[in-house]
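Descriptive analysis of the structure
Below, each chain spelled out in residue letters.
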Amino acid sequence: MTTITILGAGAMGSALSRPVTDAGWDVRLWGTWLDDHLVDAIEAGEPHPRTGAVVPSSVRAYRSAQLEEALDGADVVVMSVASVGVPKVTELALEGISQADALWLTSKGFCPDEAGRIQLLPDAIRAIAARRGATLPPLVAIAGPVKANECAAGLPTATIFGCRDGEVSRRYAAEAATPVYAIAHTDDEVGVEVCAPMKNVYAIALGIADGLGEATGTPHHNLKAAAFAQAVREMSLLGARLGAHPDTAYGLPGVGDLEVTGLSGRNKVYGVRIGRGEEPREALAEMDRLEQTVEGVPAAGLARTLVDQLGGGLAEELPLLAAVCAILEGVPDVQATVAGAVLPRRG
Ligand SMILES: NC(=O)c1ccc[n+]([C@@H]2O[C@H](COP(=O)([O-])OP(=O)(O)OC[C@H]3O[C@@H](n4cnc5c(N)ncnc54)[C@H](O)[C@@H]3O)[C@@H](O)[C@H]2O)c1
């Protein structure tokens, strides 16, 4: 039986425990030092506070001090903490990770290195391992349209595993799938990892269109659809510059995940607030007060830095990214800013 240790007992970590349990795996769920209240609920058999679903009773929960025990003998380790926590949790878990057959990654984001160069998360993890002289097993990036609460509730879900070694992603896609948790696979790790944080950035723009509709009483569906198409194009262009297959953005990691993220979720809700007329910084502070982390905000700034570092005129090809960044900085006419970025130019 495959033993899998999921690092991070938040919404996604706990949600993933459901399909892998149903696939017949031996599942361990480790909570960070921020997760004690979540582990309390899991151990009490109560619904997880973030997903509303009860974690399967066979899942063994571990607290932050029990990391070594949680990792002992694990065949697969899953990094499922917020991107900001990935470097620290990688450092702490490195020995167990290096002894596993694979490291899966549901975390989404960009990570600056010490020189300020923006890395995709798998590269950041590889750099940490290289500095410590550790060997990493194959890394499997997980993306696609997966809302944690629906996955945890056992609702039909399509996801995609991306590994440089396509045979590894194919094998795990076959072994971890269930009748309701379907797993596509690809060897395009970069394409999967670019779409994951970028769709959070673009979901803010989709939310803005919805918020404009609420504020004016007139739907802005045309603007939202134009923003959607431009967002997919930009994910494809950015991915291609980093070596991804341009088509990856047009499948589950891009179109699929952008659709689900633009329907609901923290990035979209934040965009709605801005579209309704709230000042972006105040709206973000309010989301923080509600413990709603808006990952698209730091991702937007890091993506802009990445695009500048890549150079070669790429910035001009990503006007919606520039528009979201300008809006987050407080540019006054939100509707005109989004429209200017996504409506095809005349002539
Ligand atoms: N929620 C979803 O539907 C979903 C779907 C796919 C992927 N993801 C991704 O999975 C990751 C986790 O998201 P989530 O929804 O579980 O979030 P969450 O807020 O429910 O949980 C966050 C997890 O990260 C840990 N964490 C937060 N800050 C940390 C820090 N500074 N240091 C160490 N650990 C820290 C927490 O302890 C917790 O385990 C994110 O990168 C997210 O984008 C989420």
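Cut-off values and rules
Residues numbered from 1 in each chain as written. Predicted model: local features only at pLDDT ≥ 70, side-chain atom pairs only at ≥ 80, totals over all residues. Heavy atoms only, no water. UniProt positions renumbered as here; feature names shortened; annotations may be inferred. Helix = DSSP H or I, 4+ residues; strand = E, 2+ residues; numbered from the N terminus. Pairing = 2+ DSSP bridges. Axes fitted to C-alpha atoms, helices over the stretch in contact; angles between N-to-C directions. Buried < 20%, exposed > 50% of the residue type's maximum accessible area, 1.4 Å probe, protein only. Arc of directions from axis to C-beta. Contact = heavy atoms within 4.5 Å. 1 Å grid on protein atoms, 1.4 Å probe; cavity = no way out; pocket = protein on both sides within 12 Å on 5 of 7 lines; lining within 4 Å. Points joined across faces, edges and corners; volume = space filled by probe spheres on them. Nonpolar A, V, L, I, M, F, W, Y, C, P; charged D, E, K, R; others polar. Phe/Tyr/Trp six-rings, centres within 6.5 Å; stacked < 30°, edge-to-face > 60°. Lys NZ or Arg CZ within 6 Å of the ring centre and 35° of its normal.

The protein has the name Glycerol-3-phosphate dehydrogenase in an unreviewed UniProt entry, where Schaalia naturae is given as its organism. Recorded under Sequence similarities (unreviewed entry), the UniProt text for the protein is reproduced unchanged: "Belongs to the NAD-dependent glycerol-3-phosphate dehydrogenase family."

Look at the UniProt record and you will see "domain: Glycerol-3-phosphate dehydrogenase NAD-dependent N-terminal" (unreviewed entry) annotated at residues 4-167. A distance of 19 Å separates the end C-alpha atoms of residues 4-167, which is 35% helix and 23% strand.

Okay, the sheet that holds strand β5 (residues 102-105) next. Taken in spatial order, the 8 strands line up as β3-β2-β1-β4-β5-β8-β9-β10 in an open sheet, and their pairing is mixed. Pairing within the sheet leaves two strands with one partner each, and these edge strands are β3 (60-62) and β10 (181-186). Going from strand to strand, the sheet's axes swing by 25 degrees on average, the running direction of each strand aside. As paired elements, strand β1 (residues 3-7) and strand β4 (residues 76-79) share 4 bridges and run parallel to each other.

For helix α5 (residues 121-131), the full list of buried residues reads L121, P122, A124, I125, I128 and A129. Looking down the long axis of α5, one finds its buried residues gathered within 160 degrees of arc, a one-sided arrangement. Residues of α5 that are exposed and angled more than 90 degrees away from the buried face: A130 and R131. The elements touched by buried residues of α5 are α4 (86-99), β5, β6 (110-112), β7 (118-120), β8 (139-143) and α8 (189-216).

For R171, the location among the structural elements is in helix α7 (residues 166-176). Among the residues examined, R171 registers a relative accessible area of 32% and is labelled partly exposed. When the C-alpha atoms of R171 and H185 are compared, they prove to be 8.9 Å apart, with 14 residues separating the residues in sequence.

Burial runs high along β8: 5 of the 5 residues are buried. Both β8 and strand β9 (residues 157-162) contribute to a ladder of 3 bridges, which runs antiparallel. From the neighbouring strand, I142 faces β9, where its bridge partner is F161.

What follows deals with empty space enclosed by the protein. In the structure shown here, the tally under the stated rule is 3 cavities of 30 Å³ or more. When its volume is computed, the largest cavity comes out at roughly 50 Å³. The wall of the largest cavity is formed by R18, P19, D22, C151, G154, L155, T157, T178, V180 and Y181. For the lining of the largest cavity, the class distribution of residues is 5 nonpolar, 3 polar and 2 charged.

Turning our eyes to something else, we now look at helix α14 (residues 319-328). Taken across its 10 residues, α14 has 8 buried, putting it largely inside the fold. When we look at burial in α14, the residues that qualify are P319, L320, L321, A323, V324, C325, I327 and L328. Looking at the buried residues of α14, the elements they touch are α8, α9 (221-241), α11 (266-276), α12 (280-289), α13 (296-310) and α15 (334-342). Just past α14, the residue G330 takes up positive phi, approximately 105 degrees.

We now examine the packing of aromatic side chains. The tally for this structure, following the rule as stated, stands at 4 aromatic pairs. Each member of the aromatic cluster is reached from another via a ring pair, and the members are W25, W104, F161 and Y172. Residue placement shows R171 over the ring face of Y172; its charged tip is 4.6 Å from the ring centre.

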